[in-house]
Amino acid sequence: MLSLFTIMRRKPSRVGLKSDEVMLTFDDGPNLEDNVTPEVLDVLHQHSVKAGFCPVGKQIRRHPEVLQRMYHSGHLLINHTQNHFHPMRQKYVALLEEVESCDRTIGEALGIPDYRSDYFRAPYGIVTLAVRRVTRTLGMTPVLLTHYGYDTRVGPHNYTPVVDKMIANAKRRNGGMYVFHDGSLCPPLVPEHDWNRSVENRSWVPEAVDRVITELKAEGLKFVLPHQNAKVAQTVKNAA
Ligand SMILES: [Zn+2]
């Protein structure tokens, strides 16, 4: 029998967040198409919010300066592999190389030899036995989610309900861990040739992030990172 898990946990306490705490994460960047990732960084800066970024090695190679900005702005870098292959198609040795290769790429971009990530998020949120073994071997803490809004399936023309649901979920559960995709590496279910309707067009993300932060701060929710709250890392470790 295949032992397969995802990174979803419904309750914020299951990912180590206290009541009223929100953590935002951004997957699959850096993405400079429509200047998406720099604009996300601008929005976070305007709100003095630190977030988790799950960049992919091959994208970091294209835009190392964006990774440097994330790091020096105090955001958390989360290893998301070098090439974003589907974990179901990767055995332990290949996956280990994918994760180590991503760390080497981060280290090169930052000019930090032997850089090691403390945190990992599996591509597609799929946790196979190989994923578990790799994170154990490298001593990495998996970064989970409490809500998944399928934001990779929407574009500029139809993203609003996804953001509405994320905000409603955070209000209902008094916080949680959420993901936006600033990059586009998940193949679309149906390719769209009109860029304004394409799910690969992520230009709506900065505005959506601005709305989420504005509305949730107005509710009294706080935006946190794991290392601002030791319990997060510990609980996440136990949940993995
Ligand atoms: Zn991803």
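Check the entry above for the structure.
What this report covers is the structure whose coordinates are included nearby.

1. Let's talk about the coordination of the zinc ion
Four donors placed tetrahedrally around a metal ideally meet at 109.5 degrees, and six donors placed octahedrally ideally meet at 90 or 180 degrees.
No. 1: Surrounding the zinc ion are the protein donor atoms Asp 28 (OD), His 80 (NE2) and His 84 (NE2), at 2.0 to 2.1 Å.
No. 2: Taken in sequence order, the residues that donate to the zinc ion follow the motif D-x51-H-x3-H. With Asp 28 in the loop between β2 (21-27) and α1 (36-46) and His 84 in the loop between β4 (76-77) and α4 (92-110), this pair connects stretches of sequence that are 56 residues apart. You'll find Asp 28 and His 84 in the same group, each marked buried.

2. Observations concerning helix α7 (residues 205-218)
No. 1: Given a rise of 1.5 Å per residue, 14 residues ought to cover 20 Å, and the 20 Å separating the end C-alpha atoms of α7 matches this to within 8%.
No. 2: Against the buried residues of α7 lie β2, α1, α6 (160-173), β8 (175-181) and β9 (222-223).
No. 3: Of the residues trailing α7, Gly 220 is marked for its positive phi of about 90°.

3. Overview of the packing of aromatic side chains
Think of a pair of aromatic rings as described by two things: how far the centres are apart, and how the planes are tilted against each other in angle.
No. 1: Applying the stated criterion across every chain yields a total of five aromatic pairs.
No. 2: Considering the side-chain rings of Phe 26 and Phe 53, the 5.0 Å spacing of their centres and the 20° angle between planes classify their relative orientation as stacked. You can see Phe 26 sitting in strand β2 and its partner Phe 53 sitting in strand β3 (residues 52-54), a full 27 residues away along the chain.
No. 3: Looking at Phe 53, the relative accessible area reads 1%, which means it is buried.
No. 4: Arranged with centres 6.3 Å apart and planes meeting at 65°, the rings of Phe 180 and Trp 204 form a pair that is edge-to-face. Of the two residues, Phe 180 sits in strand β8 while Trp 204 sits in the loop between β8 and α7, which places them 24 residues apart along the sequence.
No. 5: Put simply, the rings of Phe 26, Phe 53, Tyr 159, Phe 180 and Trp 204 pair up and form one aromatic cluster.
No. 6: Just above the ring of Tyr 92 sits the side chain of Arg 133; from NZ or CZ to the centre is 3.6 Å.

What counts and what doesn't
- Residues numbered from 1 in each chain as written.
- Predicted model: local features only at pLDDT ≥ 70, side-chain atom pairs only at ≥ 80, totals over all residues.
- Heavy atoms only, no water.
- Donors = N, O, S within 2.8 Å, 3.2 Å for Na, K, Ca; no water.
- Helix = DSSP H or I, 4+ residues; strand = E, 2+ residues; numbered from the N terminus.
- Buried < 20%, exposed > 50% of the residue type's maximum accessible area, 1.4 Å probe, protein only.
- Expected span 1.5 Å × (residues − 1).
- Contact = heavy atoms within 4.5 Å.
- Phe/Tyr/Trp six-rings, centres within 6.5 Å; stacked < 30°, edge-to-face > 60°.
- Lys NZ or Arg CZ within 6 Å of the ring centre and 35° of its normal.

In short, the description is geometric, and any link to function would need to be established separately.
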